[in-house]
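One letter stands for each residue in the lines below.
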Amino acid sequence: MGERIATRDAYGDALLELGKKRKEVVVLDADLSGSTKTAKFAKVFPERFYNIGISEQDLIGTASGLSLTGKLPFASTFAVFETGRAWEQIRQTISYSSLNVKLVATHSGITVAEDGASHQAIEDIALMRVLPNMTVIVPADGIETKQVIEAIADFYGPVYVRLGRSKVPVVMPDDYKFTIGKAYRFHIGKDANIIAAGIMVSVSLDAMEMLKKEGIDAGVINMPTVKPLDNDAVIEAAKASGLIVTAEEHSVIGGLGGAVCEFLAENYPVPVKRIGIKDTFGCSGPSDELMKLYGLTADDIVRTVKQGLKR
Amino acid sequence: MSQVSRADDIEFLKEQAKTVRIGILKMLAEAGSGHTGGSLSAADVATALYFSKMKHNPKDPAWKERDRFILSKGHAAPLLYTVLALSGYFDKSLLKTLRKIGSPLQGHPCSKLLPGVEISTGSLGQGLSIANGIAMGLKMDGMNSRVYCMLGDGETQEGQVWEAAMTAAHYRLDNVCAIIDNNGLQIDGHCCDIMALEPITEKWNAFGWHVIDIDGHDMKAILGALDEAEGIKEKPTMIVARTVKGKGVSFFEGKVQYHGMAPTSEELERALKELE
Ligand SMILES: Cc1ncc(C[n+]2csc(CCOP(=O)(O)OP(=O)(O)O)c2C)c(N)n1
Ligand SMILES: [Mg+2]
């Protein structure tokens, strides 16, 4: 568990490998290729890379057009601009016509850090999840990111992949095989189960160990595909423990927590506690301090689980 | 091979444009709602494209070598549906189902439901970006198909249009030919009063486009411009088609209120008399 890799770095490498294997892969960026790591692909395949400039709406439209000629476009920029500025372009063209465009955004969540609230997308999962035909994936680490990029290339349809800027611990096993729509059960607990995505998977695993020392059997499920949700895994977790805690580096409104609550309320109502950004904006600061400030640490999860059990 | 042979017969195209206008009016009257003015203003250019200029195959809408047409001003759907039906993409009887429940002829074009519609449109300002992407893909594949994109003049108030204008020039997309249906009107009034657009020609020139200014109802001028555009290398072409909103029906012409109003049955009768 010692290694730390930013999911955007894993993306840059995976995209380059994919480009070598499949010549229909084209990549578009909006003047952030150095940060999103699409520059790696651009350097090797300049004829298949389009920098569209600082124009995210045009980025989405152009990617859509390329997909209509049978290309496999990956369009990347920061999550806040991709899903915010170009939301309607994504809705009207990619989602409505179910185009084979891969929207891979980096710099999601508060771990964007020093750039502050303007650059920290904490609503992107909600914005993408509400769109018909859209698949939404939040990889937990570098290993999963690589798998996700390969899997979505083989899948026909629109996909949003949410990546981060900061280095995150590697948590998935080497032989892990990602499947769209399938959760990964680290452990199913008898007292509580934490359903997490992205960077919060490793934080949840830390919390699980801490709770174990106190005699509390909490499980952790990595839910990389927020849409379509792995309903079976959610039910299994709810049946096993009767308390569900969701954990994500996103607003508590409309993201993974929202998706789990919507599903459980209709199908297997159990108490749910949501860990996430509590309907507020982020701010500037170092990643780890922001995680503390916004209640996204293992201590916060431990406290939340205990509160949930005390009812 | 294209099903529609190149017909440079101007007289034929003029007649065909009349047929297109009649089709538009009938389907709108039947639907009871929809966009009359902007369908009629663009009818001559669309007729020239579908019945003369474009390589396309109604029997095989996905034919790889076809030229593409993107109706960025998607509210002119009745125009698109009429030229598609007359070309043979689907049965003309479908035209009567415009805007009805279960119909593939949605209020704005939906590519998932109707063959011949390249991509769904309706939210203004987005079509040119899509046209550029198609043009890039075609170039990568070494295809010499062309991509036509029809915009409204009011539509060019959208910022994305100018993003796409830069992209087409930057990537030297000479297989892109856009047309502005410059009828001078939008919903709330005259473009010059709502948000002035002129000088249109100079703007597109400054953005690196080859610009051709024409009377958008002069069939010979339209064909001439489309041919000229094909010869332009290293640059996209913009045809500024000076048109009249509601063209062809005297009591609709230049009337802002007929942007989004369908003809009543009485208006239809009068309109058909004028056209026939
Ligand atoms: C993004 C967006 N905003 C608003 C509308 C509503 N709308 C439909 S048509 C129209 C006016 C269009 O004017 P113009 O582009 O000049 O078209 P034309 O005159 O050819 O009908 C508007 C504002 C829309 N369809 N899309
Ligand atoms: Mg107009």
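Because the structure is a prediction, the values reported are computed rather than measured.

1. Description of the site of ligand 1
Residue and element names in this part refer to chain B.
Part 1 of the reasoning: Taken together, 18 residues sit near ligand 1, with Lys73, His75, Asp153, Gly154 and Lys245 positioned nearest.
Part 2 of the reasoning: Within the contact set of ligand 1, an oxygen atom lies 2.8 Å away from a backbone nitrogen or oxygen of glycine 154.
Part 3 of the reasoning: A distance of 2.8 Å separates an oxygen atom of ligand 1 from a polar atom in the backbone of glutamate 155.
Part 4 of the reasoning: Look at ligand 1: alone it shows 590 Å² of surface, and the protein chains cover 77% of it.
Part 5 of the reasoning: Class assignment of the residues belonging to the shell around ligand 1 gives a composition of three nonpolar, nine polar and six charged.

2. A few points about the coordination of the magnesium ion (ligand 2)
Residues and elements named next belong to chain B.
Part 1 of the reasoning: Only Asp153 (OD), Asn183 (OD1) and Leu185 (O) from the protein coordinate the magnesium ion (ligand 2), and they sit 2.1 Å from it.
Part 2 of the reasoning: Sequence spacing of the donor residues for the magnesium ion (ligand 2), all on one chain, is D-x29-N-x1-L. With aspartate 153 in the loop between β2 (147–152) and α6 (159–170) and leucine 185 in the loop between β3 (176–182) and α7 (191–194), this residue pair connects regions lying 32 residues apart in the sequence.
Part 3 of the reasoning: Since its relative accessible area comes to 4%, leucine 185 is described here as buried.

3. Re the domain arrangement of chain A
Interfaces are frequently sized by the accessible area removed from exposure as the parts join.
Residue and element names in this part refer to chain A.
Part 1 of the reasoning: Along its sequence, chain A is carved into domain 1 (4–169) and domain 2 (184–310).
Part 2 of the reasoning: Inter-centroid distance (C-alpha atoms) of domain 1 to domain 2 is 25 Å.
Part 3 of the reasoning: Both sides of the domain 1 and domain 2 interface together cover about 2300 Å² of buried area, and 56% of this is carbon and sulfur.
Part 4 of the reasoning: Its largest share of buried area at the contact with domain 2, domain 1 owes to Ile110, Ile122 and Arg129, together 31% of the area lost on that side.
Part 5 of the reasoning: Summed over the shared surface of domain 1 and domain 2, the result is one salt bridge.
Part 6 of the reasoning: The salt bridge partner of arginine 129 is glutamate 262, with a shortest N-O separation of 3.0 Å.
Part 7 of the reasoning: Joining domain 1 to domain 2, the criterion identifies 21 residue pairs in polar contact (both at pLDDT 80 or more).
Part 8 of the reasoning: Those elements that place two or more of their residues in the side of domain 1 that touches domain 2 are α7 (124–129), β6 (135–137) and β8 (167–169).
Part 9 of the reasoning: Looking at which element gives the most residues to the side of domain 1 that touches domain 2, the answer is α7, with four residues.
Part 10 of the reasoning: When grouped by side-chain class, the residues that make up the side of domain 1 that touches domain 2 number 16 nonpolar, eight polar and seven charged.

Conventions and cut-offs
- Residues numbered from 1 in each chain as written.
- Chains lettered and ligands numbered in written order.
- Predicted model: local features only at pLDDT ≥ 70, side-chain atom pairs only at ≥ 80, totals over all residues.
- Heavy atoms only, no water.
- Near = heavy atom within 4 Å.
- Polar contact = N/O pair within 3.5 Å; in protein donor to acceptor, adjacent residues only side chain to side chain.
- Areas by Shrake-Rupley, 256 points an atom, 1.4 Å probe, with all protein chains shown as cover.
- Nonpolar A, V, L, I, M, F, W, Y, C, P; charged D, E, K, R; others polar.
- Donors = N, O, S within 2.8 Å, 3.2 Å for Na, K, Ca; no water.
- Helix = DSSP H or I, 4+ residues; strand = E, 2+ residues; numbered from the N terminus.
- Buried < 20%, exposed > 50% of the residue type's maximum accessible area, 1.4 Å probe, protein only.
- Domains from an automatic or database assignment.
- Buried area = accessible area lost by both parts, 1.4 Å probe.
- Salt bridge = Lys/Arg side-chain N within 4 Å of Asp/Glu carboxyl O.

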